[in-house]
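Working through the structure, step by step
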Amino acid sequence: MVEAIETFDQYGRKIAGDEMTENKDKYVAENKPALVSLEAGKKYAWCTCKLSKTQPFCDGSHKVTDKRPMVFTADKNEDVLLCVCKATQSGPYCDGSHNNLEDVYAEATPEEVESMKDSLFIERENGKALIDGGAYVLTPQADNDKIVGNLRYQPVISEEDGATKLSLHKLSLSPGTTPWLEYKGVDTVLYFVDGKGKIDIAGREFDVAGEAGIYVRPGEAFRIMTEGDMTVYATACPMLSDLIVSEKNQSEFQADHPERYVAFDLATANVMANRFYQELVDKKVGSNEVTQFIGQIPKSRAAMHRHLYEEAIVILSGFGRMWTGTKWATVECGDVLFLPHRQGHSLECTADDGMLLMGVFYPSGSPAINY
Ligand code: FES
């Protein structure tokens with residue numbers, strides 16, 4: 001619950017007049033959110049004036065302005081990102097607006113580039129380069145595919161790889177109809193890289209084509225029909241590495257959620273400085289726990305940043321490098337990247353034409369929110 005009243009400190013204590021600072025204009029909040037551990041039942045006063053020296057919380061400095069802090073009580077113990085730039089539309093929480101305060105997305109500074117110049121280049125072993133903190137870059141190897149009918153499939157992110165929140169399978173289809181597939185009882189998010197065909201979700205058919213996402217609700221099985229080759233990535237959240245393959249459908253389409261399919265459409269993409277992204281599968285199709293997006297980055301090297309979610313990325317075009325602090329690996333079209341939550345990373349695109357990627361992460365949110 002959030003309410004706008006005045007003059008509490010970060011612990012919810014009322015601030016007396018002599019505690020007000022005279023720091024107007026001396027402090028300008030940085031354009032990054034602050035990671036804060038909230039305690040259930042505790043009251044917090046979020047600074048809205050930008051002048052506090054105890055960001056993101058109020059220190060009373062607003063007294064020289066017409067602004068007031070926003071006081072809120074934490075519902076539960078939770079780590080959150082509170083806005084420091086004050087451009088958020090979802091105060092006190094960061095909504096990613098800090099990315100749009102500059103014309104160019106936050107790039108690695110010369111100091112950051114210098115500090116990583118001795119990072120270790122990691123060579124692939126069986127297609128996989130293990131970088132810092134359990135993160136990795138993987139080129140899926142066709143030899144690892146299991147084959148059932150016209151379907152070849154393999155896990156590319158699983159419990160065995162250290163994932164705790166999401167899993168990812170690569171599905172490679174030749175013409176025909178796949179068996180029924182299901183991740184039992186969890187959310188399934190599919191991304192169609194290429195090809196054209198139909199998907200049958202528990203008895204309801206949808207047309208599908210490349211550059212689109214689709215949401216399959218817990219309890220529903222699906223199968224895919226195609227007249228040509230097709231590549232599909234299947235994410236299960238919470239993480240479930242066991243993809244059940246069967247000849248029969250025993251599930252029922254949940255007709256109270258008929259909208260499932262979202263195609264990439266540049267006209268509806270969100271602009272983020274000199275980049276853009278479009279959320280495909282998210283709350284608008286009923287996916288409350290997991291978010292899927294497609295994003296474009298220009299030739300550039302992002303500043304090192306982290307997310308509170310675990311993320312899978314598939315490189316759809318372009319090439320570059322993934323930096324994670326002390327290690328780095330090359331990335332190219334078709335690679336899968338796994339990023340545990342809170343793992344610092346910086347994706348560098350070295351291709352003149354930029355890079356296109358599909359990302360999927362859990363728990364859900366906005367891909368623009370980072371710290
Ligand atoms: S820090 Fe303000 S929106 Fe992210």
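Here's what I pulled together on the structure shown here. Since we're looking at a predicted model, the values are computed, not measured.

In the structure shown here, the tally under the stated rule is 14 salt bridges. Two residues, R342 and D79, come together in a salt bridge whose shortest N-O distance is 2.5 Å. Of the two residues, R342 is situated in the loop between β29 (336–339) and β30 (346–349) and D79 in strand β5 (residues 78–82); the sequence distance between them amounts to 263 residues. D79 gets classed as partly exposed once you look at its relative accessible area, which sits at 34%. One salt-bridge network, held together by shared partners, links E114, K117 and D118.

Evaluation of the coordinates by the stated rule reveals 10 aromatic pairs. Measuring from ring centre to ring centre gives 6.3 Å for F264 and F276, while their planes differ by 15°; the resulting arrangement is stacked. With F264 in the loop between β21 (261–263) and β22 (270–272) and F276 in strand β23 (residues 275–279), the pair connects residues that are 12 residues apart, well separated along the chain. Judged by relative accessible area, which is 19%, F276 ranks as buried.

With that out of the way, let us pick up the side chain of S61. Examined against the element boundaries, S61 turns out to sit in the loop between β3 (43–46) and β4 (70–73). We classify S61 as buried; its relative accessible area is 1%. Only 2.5 Å separates the side chain of S61 from the side chain of D59, close enough to count as a polar contact.

Residues I157, L168, V314, L316, V336 and M358 are the most contacted members of the largest nonpolar core, which totals 28 residues. Mapped by element, the contributors of at least two residues to this core are β8 (136–138), β10 (151–157), β14 (187–192), β19 (230–237), β26 (310–317), β29 and β31 (355–362). No other element matches the 4 residues that β31 contributes to this core. Residue-level mapping places this core at the junction of two domains, with at least three residues from each of domain 2 (113–125 + 266–362) and domain 3 (142–263). Discounting chain neighbours no more than four positions away, the residues touching L316 are Y191, V193, I294, C333, L356, L357 and M358. Grouped together as the second largest cluster of nonpolar side chains are 27 residues, Y277, V331, L337 and A351 included.

Moving on: the pairing of β26. In terms of residue burial, β26 counts as a mostly covered element, since 7 of its 8 residues are buried. Inspection of the sheet shows β26 paired to β31 by 7 bridges, in the antiparallel sense. Paired with I315 across the bridge in β31 is L357. Bridging between β26 and β29 involves 4 bridges; their strand directions are antiparallel. Counterpart to A312 in the pairing with β29 is F338.

The two faces of strand β2 (residues 34–38) differ: A34, V36 and L38 on one face are buried, but L35 and S37 on the other face are not. Where β2 lies against β5, 5 bridges are found, and the strand directions are antiparallel. Across the sheet, V36 pairs through a bridge with V80, a residue of β5.

The rules behind these values
Residues numbered from 1 in each chain as written. Predicted model: local features only at pLDDT ≥ 70, side-chain atom pairs only at ≥ 80, totals over all residues. Heavy atoms only, no water. Salt bridge = Lys/Arg side-chain N within 4 Å of Asp/Glu carboxyl O. Helix = DSSP H or I, 4+ residues; strand = E, 2+ residues; numbered from the N terminus. Buried < 20%, exposed > 50% of the residue type's maximum accessible area, 1.4 Å probe, protein only. Phe/Tyr/Trp six-rings, centres within 6.5 Å; stacked < 30°, edge-to-face > 60°. Polar contact = N/O pair within 3.5 Å; in protein donor to acceptor, adjacent residues only side chain to side chain. Core = buried A, V, L, I, M, F, W, Y, C linked by side-chain atoms within 4.5 Å. Domains from an automatic or database assignment. Contact = heavy atoms within 4.5 Å. Pairing = 2+ DSSP bridges.

All quantities given are derived from atomic positions and should not be read as evidence of function.
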